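Understanding the architecture of this molecule
The primary structure of each chain is shown beneath.
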Amino acid sequence: VPSQWTSVLPEHWSKDHVCEWLQYCCDNYKLDATCIPFPQFNVTGHQLCSMTKEDFTEAAGACGHYLYSLLQDIRTHGLHNPHLWEFIRDLLLSPEDNHGTLDWEDQEQGIFRVVKSEALAQLWGQRKRNNRMNYEKLSRAMRHYYKTGILERVDRRLVYKFGKNAYGWH
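Quick caveat, the model's predicted, so the values are computed rather than measured.

Criteria and cut-off values
- Residues numbered from 1 in each chain as written.
- Predicted model: local features only at pLDDT ≥ 70, side-chain atom pairs only at ≥ 80, totals over all residues.
- Heavy atoms only, no water.
- Helix = DSSP H or I, 4+ residues; strand = E, 2+ residues; numbered from the N terminus.
- Buried < 20%, exposed > 50% of the residue type's maximum accessible area, 1.4 Å probe, protein only.
- Areas by Shrake-Rupley, 256 points an atom, 1.4 Å probe, with all protein chains shown as cover.
- Lys, Arg positive; Asp, Glu negative; His and termini not counted.
- Charge placed at Lys NZ, Arg CZ, Asp CG, Glu CD.
- Arc of directions from axis to C-beta.
- Contact = heavy atoms within 4.5 Å.
- Disulfide = S-S within 2.5 Å.
- pLDDT = per-residue confidence, 0-100.
- Pairing = 2+ DSSP bridges.
- Axes fitted to C-alpha atoms, helices over the stretch in contact; angles between N-to-C directions.
- Salt bridge = Lys/Arg side-chain N within 4 Å of Asp/Glu carboxyl O.

1. Thoughts on the overall build of the protein
Helices and strands together make up the secondary structure of the protein, namely eight helices and four strands. Listed N to C, the secondary structure of the protein is α-α-α-α-α-α-β-β-α-α-β-β in terms of helices and strands. Going through the 170 residues of the protein one by one, you find that 44% of them count as buried. Surface summary for the protein: the accessible area is close to 9,900 Å², and the carbon and sulfur share equals 48%. Charge-centre separation for the protein: the mean point of 20 positive side chains lies 11 Å from the mean point of 21 negative side chains.

The following block contains the structure:
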């Protein structure tokens, strides 16, 4: 199973995602895994991101400063270039960032509504560095996800549902 921590903002990582990220850092940056006290990092992404630099580096031992800078880099630049559906999911999970563009209709079922369609298109356009993005183009891209099972059709205008192949929205 490919790791899914890369497609979720660090603030929304599960404890498993945090562990996978640490393992990834050890493997990719040739860190000595014995220098990382893994039990100190049995935390969610929210808890991890809430740590002060001092708390983090103290908890992380010898690799602390390096790991902290890697985490901040992911938080500011996002190692991944999210797909449109992930961008929408992350906005739904961060109401403070979404400026009322999206709203849950039924979060349990994964059903959401686009409240401000052009504002959403502008946010996505900024992310993709495409200042000609509009909702018509964005909705066409969203309909593409019906084929892949990431989104499901809902017979109401501007209402969508996460499908069986979407993850991280619960």
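Having seen the structure, we can now continue with the description.
2. Structural notes on helix H7 (residues 117–127)
Inspection of H7 places Leu120, Ala121, Trp124 and Gly125 among the buried residues, and these make up the whole buried set. The buried residues of H7 occupy one face: seen down the axis, they fall within an arc of 140°. Along H7, the residues that are exposed and aim more than 90 degrees away from the buried face are Gln122 and Gln126. Residues of H7 that are buried in the fold lie against helix H5 (84–93), strand E1 (102–106), strand E2 (111–114) and helix H8 (135–148). A positive backbone phi angle near 55° is found at Arg129, which sits one or two residues after H7.

3. Concerning the state of the cysteines
Simply put, the disulfide is a covalent bond whose two ends are the sulfur atoms of two cysteines. Using the criterion set out here, one finds one disulfide in the structure. Paired by a disulfide, Cys35 and Cys63 hold their sulfur atoms 2.1 Å apart. An S-S torsion of about -80° defines the bridge between Cys35 and Cys63 as left-handed. Residue Cys35 is found in the loop between helix H1 (15–28) and helix H2 (45–50), and its partner Cys63 is found in the loop between helix H3 (53–60) and helix H4 (64–77); the two are separated by 28 residues along the sequence. This pair shows no difference in class: Cys35 is buried, exactly as Cys63 is. No disulfide involves Cys19; its sulfur sits 9.4 Å from the nearest other cysteine sulfur, which is in Cys26. Classification of Cys19 by relative accessible area gives partly exposed; the value is 39%.

4. A look at the confidence of the model for the protein
Here the protein shows a mean pLDDT of 88. Residues at 70 or above account for 96%. Confidence scores differ between elements of the protein, with helix H6 (residues 95–98) showing the lowest mean pLDDT of 82 and E2 the highest of 97.

5. Focus: the sheet that holds E2
As summarised here, the arrangement of the four strands in space is E1-E2-E4-E3, forming an open sheet in which the pairing is antiparallel. Unpaired on one side and paired on the other, E1 and strand E3 (151–153) mark the two borders of the sheet. On average, adjacent strands in this sheet sit at an angle of 40° to one another, irrespective of strand direction. As judged from the three bridges shared by E2 and strand E4 (residues 159–162), these two strands associate in the antiparallel manner. Its bridge partner lying in E4, Phe112 is registered against Tyr160. In the packing of H5 onto the sheet, the strands contacted are E1, E2 and E4, and the crossing angle to E1 comes to about 80°. Against the sheet, H8 makes contact with E2, E3 and E4, and its axis sits at roughly 100° relative to E3, the strand it touches most.

6. Quick look at the pattern of salt bridges
Applying the stated criterion across every chain, the model contains seven salt bridges. Between Arg156 and Glu105 there is a salt bridge, with its nearest N and O atoms 2.2 Å apart. Placement of Arg156 in the loop between E3 and E4 and of Glu105 in strand E1 is noted, with a sequence separation of 51 residues between them.

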